[in-house]
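Residues per chain, in single letters:
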Amino acid sequence: MIVAIAVLGGLALIFGLLLGYAGVRFKVEGDPVVDQIDALLPQQQCGKCGYPGCRPYAEGIVKGEADINQCSPGGKVGMLALAALLDREPKPLSSEHGVEQAQMLAEIDELNCIGCTLCIQACPVDAILGAPKHMHTVIAQECTGCELCVAPCPVDCIKMVPIPEAVKTWKWPYPGVQSTPEYSPCDN
Amino acid sequence: MTRLWDFHGGVKPDEHKTLSCEKPIAPAKLPPFLVLPFLQHIGESSAPIVQVGDKVLKGQIVAHCRGEDCSLLMSVPIHASSSGTVVAIEPRPVPHPSGLTAQCVVIETDGEEKWAERTALVDYSALAPEVVRNHIAKAGIVGLGGAGFPSHIKLKPEGIDTLIINGAECEPYITCDDRLMRTHPDDIIVGAQIIKHVLGGAKRCVIAVEDNKPAAYQALLDAAQEWVEVIQVPSHYPMGGERQLIQVLTGKEVGRAQFPPSIGIVVHNVETARAVYRAVQQGQPLVSRVVTITGEGVERPQNIEVLLGTPMHFVIDQCGRKPGIERLIMGGPMMGFALPHDDMPVIKTTNCLIVSGADEIETPHLAMPCIRCGACADVCPINLLPQQLYWYAKAKNFQKAQDYHLFDCIDCGCCAYVCPSHIPLVSYYRYAKAEIRASERERQKADIARQRHKFHTFRLERDKKERVARVKKQKAVVEKDKLAAIRAAVERVKAKKVKSEASSDE
C-alpha cells in the first residue's frame, strides 16, 4: 500500500516537474491564432473594420468582439479564408464596414498641395513623402490604398485612382471572355 | 546509333513548315524607327542609360541591367540595333498577350549602321570561363528559342556533364532554326564550343535536330567535329521542350521544381549558340535575330534576319502584305499568342510571326462539355491530369489545382489540341496560374505593408518617448538655470550688503 502510494506519488511528481519544465521551455509568446488571422488580412491598415489596424482587428476576432465579415478590402475571398481558418460559417460582408472594390492608389495633385503634412501623419505605412511647406508625393509602390489620407487634406488635393495595368501584373482573363482585342491593322 | 528514349504523350500536328523553309534567310532592312522595350526577357527589366537627343551607335548599350554586374542578375542589357538618335523614351505597345504598353527607347535611325567599338575574345579558350561568361552577359544574350531566359544564368559551371544544343524546333510553321542550321552550321558549332568552355568542359555535347529537317541535319554533320554529336530525334511535338528533349536524349527526367543543371545538363537553343559565337568571336552584342514570317497573309513567307526593335508591320511589308489579314500570332500556333495589331517591335523572343489569311483560320469551335474521355491525359508530356486541372481551374479552386501540380504544366497545348469538346484547356491553366501568381504578389505586398506599419507605430512611439525626454531635459535645464540665477542674485545681494556695510562703517 505504502509502496504503491510512494510509486504513484513519485511518478506524479516526476511528470509534474516535466510538464512544468515544458511549460516554461516551450512557452508560446502571444496568441498564434492572432498571427494566423493577421497573415490573411490585406494589411491596408485602413480601419474600415472599426479597429485601428489589421492586427487589432485580428485580436478582436479572437476575443469574439468582431465578426469575420468586417474587412472590405479583403473582400469575399478574404472572408472565406478567415472562415476556413476559424472553422466558422461564411457570411456576406457587412455593409456598414465599406464595400468590396479593387485596390486603389492615392494620388496627390501636386500643384494644389500646400505642404501641411496632415496626410503624412495620417498614412499608416509612411508611404507619403514631403516636408512642411514643401510639396508632398505618394510613393506608389508602398501605398496600400487605405484612403486615410483623403479626409485630412484641407485643400482636397488627394484622390484615389485605379492602379494602372502593367505588363508585369496583367492576368490572363477567365476563358470565354475575349482575351485580346480583335486584330485591327494600323494605318502605317 | 545512339540510343534514344521517348517521352509520354505528345502530338503530331500538321507542320506547315514548307511555307517558309525553302527560301534563304533575307538580310534585315533598316526601318526608319527602332523601338526597344526595356524588358525583352524573363526577369528584371533594364534601366535606360541614354537620354532623348543622344546619338547612339549600333551595338551601344541603351538600357543597362539594374546593377553593376549583369552576370549576377536575372537581367541583360539592351543594345541599340542600329546607329541613330534617341527620339523618345516612352510607353509603347509591346508584344505581350495583353497588348499593353511598356517603357521603350525609340531610336530614329540615320542609315549609317555605324558600329560602336566591338571587343571580341578571339582566343577565348585561354581565358577563364567567368571572363567569357561576363562577356556573354554584357552582350545581352537570352534564350532565343522563344522563352527569353537570360543565357548567362544557364552558363554557370556547376558540374555540368552534358550540353545539349536544341535544334528540334517542334512547333508547326516555325523554320528560323532550320534555316539558321542550314546556313550557319559552323557558327553554331563554334558557339557550342564556347558554351562548352564556359561550362568548364562538358563531357558530352549533343546537337539535336528533328528528323523533319534533313538538310539542317546534313549541314551540321558536315560541319561537326569529333567532340560533338549531331543526333536526329523523331518529329514529335513538344520535342523542343527542354525537359522532353533531355528525356529523349539521356533518358533522365528532370524532377519537379528542379532545373536541368541540377542533374548536370544544360540546354541552349541553336540561335543562342550562334549569338554566343557572334558575341565572343566578333564582339557583336545581340542586335538582330532570325524571324520566321509565315502564313497565308503574306505573299513571300520566309525567314528574315531582323534588327531587334524593328516594327512588325515593317517586316510584314517586306514579305508582301496581302489584304485582309485576320490574325497575327507571335510564336507558334501551339504556344504563341495573338497580337491585337502589328505596330509592335520585334524583340529578342520573337521567333515567328504567323500572319493568317481569312481561309487559314478555322471558325472557333464552341466549347462543349467535357465528356471525360481522357484523351488529354494520354497526350500530356508531363503526365499531369489535365481534366482534373480543368475542373479545378474552372471552379477557381486554385489550391486543389496546385495540388495537382498546375505549375508543372508547360502550356504546350497538346491537351487542348486533342480535346474532342474543343475546350480551351490551356486558357484555363493560364488563367489559374495568373490568379495564383497575382495572389502571391498581393501576399508579398501585404507583408511589406505589415512591416512598414509596424515600423510606423514603432517610430511614433519612439518619437513620443524622445519628445517627453527632451521636454524633461529642457525643463531640468530651465530649473537649473533658474536656481543658478537665484543663487547668483542672492550672491549679488550679499555682496552688495557686504559692500554697503563696509561703506557705512567707513
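Residues numbered from 1 in each chain as written. Chains lettered and ligands numbered in written order. Predicted model: local features only at pLDDT ≥ 70, side-chain atom pairs only at ≥ 80, totals over all residues.

Below, the discussion takes up the overall build of chain B. Across its full length, chain B carries 13 helices and 16 strands. For a compact globule of 506 residues, the expected C-alpha radius of gyration is about 23 Å, and chain B comes in at 32 Å, more than 25% above that figure. Counting only C-alpha atoms, chain B reaches 135 × 60 × 50 Å along its principal axes. Across the 506 residues in chain B, those meeting the buried criterion constitute 48%. (Helix = DSSP H or I, 4+ residues; strand = E, 2+ residues; numbered from the N terminus. Rg over C-alpha atoms; globule rule 2.2 N^0.38 Å. Buried ≥ 20, exposed ≤ 12 C-beta atoms within 10 Å, placed from the backbone.)

As a further point, take the interface of chain B and chain A. Contacts between the two partners involve 31 residues from chain B and, on the opposite side, 27 residues from chain A. Mapped by element, the contributors of at least two residues to the side of chain B that touches chain A are β14 (327-330) and α13 (425-505) of chain B. With 13 residues, the top contributor of residues to the side of chain B that touches chain A is α13(B). A per-class count over the side of chain B that touches chain A returns 15 nonpolar, 8 polar and 8 charged. (Contact = placed C-beta atoms within 7 Å. Nonpolar A, V, L, I, M, F, W, Y, C, P; charged D, E, K, R; others polar.)

A few words now on the environment of Met344(B). Residues and elements named next belong to chain B. Locating Met-344 in the fold gives a position in the loop between β15 (337-339) and β16 (352-356). Note: C-alpha distance between Met-344 and Arg-92 (252 residues apart in sequence) is 7.9 Å. In this structure Met-344 touches Pro-93, Val-94, Pro-95, Pro-311, Met-312 and Leu-339, once residues within four positions along its chain are discounted.

Let us now look at unusual backbone geometry. Omega for the peptide link from Tyr237(B) to Pro238(B) comes to -5°, which places this bond in the cis form. Look at Glu147(A): it is not a glycine, yet its phi comes out positive at around 70°. By secondary structure assignment, the location of Glu147(A) is in the loop between β3 (137-138) and β4 (158-162). Classification of Glu147(A) as partly exposed rests on a count of 18 C-beta atoms within 10 Å.

Turning to the sheet that holds strand β3 (residues 55-56) of chain B, a few remarks are in order. Residues and elements named next belong to chain B. Taken in spatial order, the 4 strands of this open sheet run β1-β7-β6-β3, and their pairing is antiparallel. Every interior strand has two partners, whereas the edge strands, β1 (33-37) and β3, have only one. In this structure, β1 lies alongside strand β7 (residues 101-109), joined through 5 bridges in antiparallel fashion. Bridge pairing in β7 links Phe-33 to Glu-108. (Pairing = 2+ DSSP bridges.)

Residue and element names in this part refer to chain B. The buried count for strand β8 (residues 162-167) comes to 6 of 6 residues, which makes it a mostly enclosed element. Along β8, one buried face is formed by Thr-162, Ile-164 and Asn-166 and the opposite face, lined by Leu-163, Ile-165 and Gly-167, is buried too. Of the strand pairs in this sheet, β8 and strand β9 (residues 204-210) are connected by 6 bridges, and their pairing is parallel. Looking at the pairing, Ile-165 lines up with Ile-207 of β9. One ladder, built from 5 bridges, connects β8 with strand β11 (residues 265-269); its direction is parallel. Directly across from Thr-162, in β11, lies its bridge partner Ile-265.

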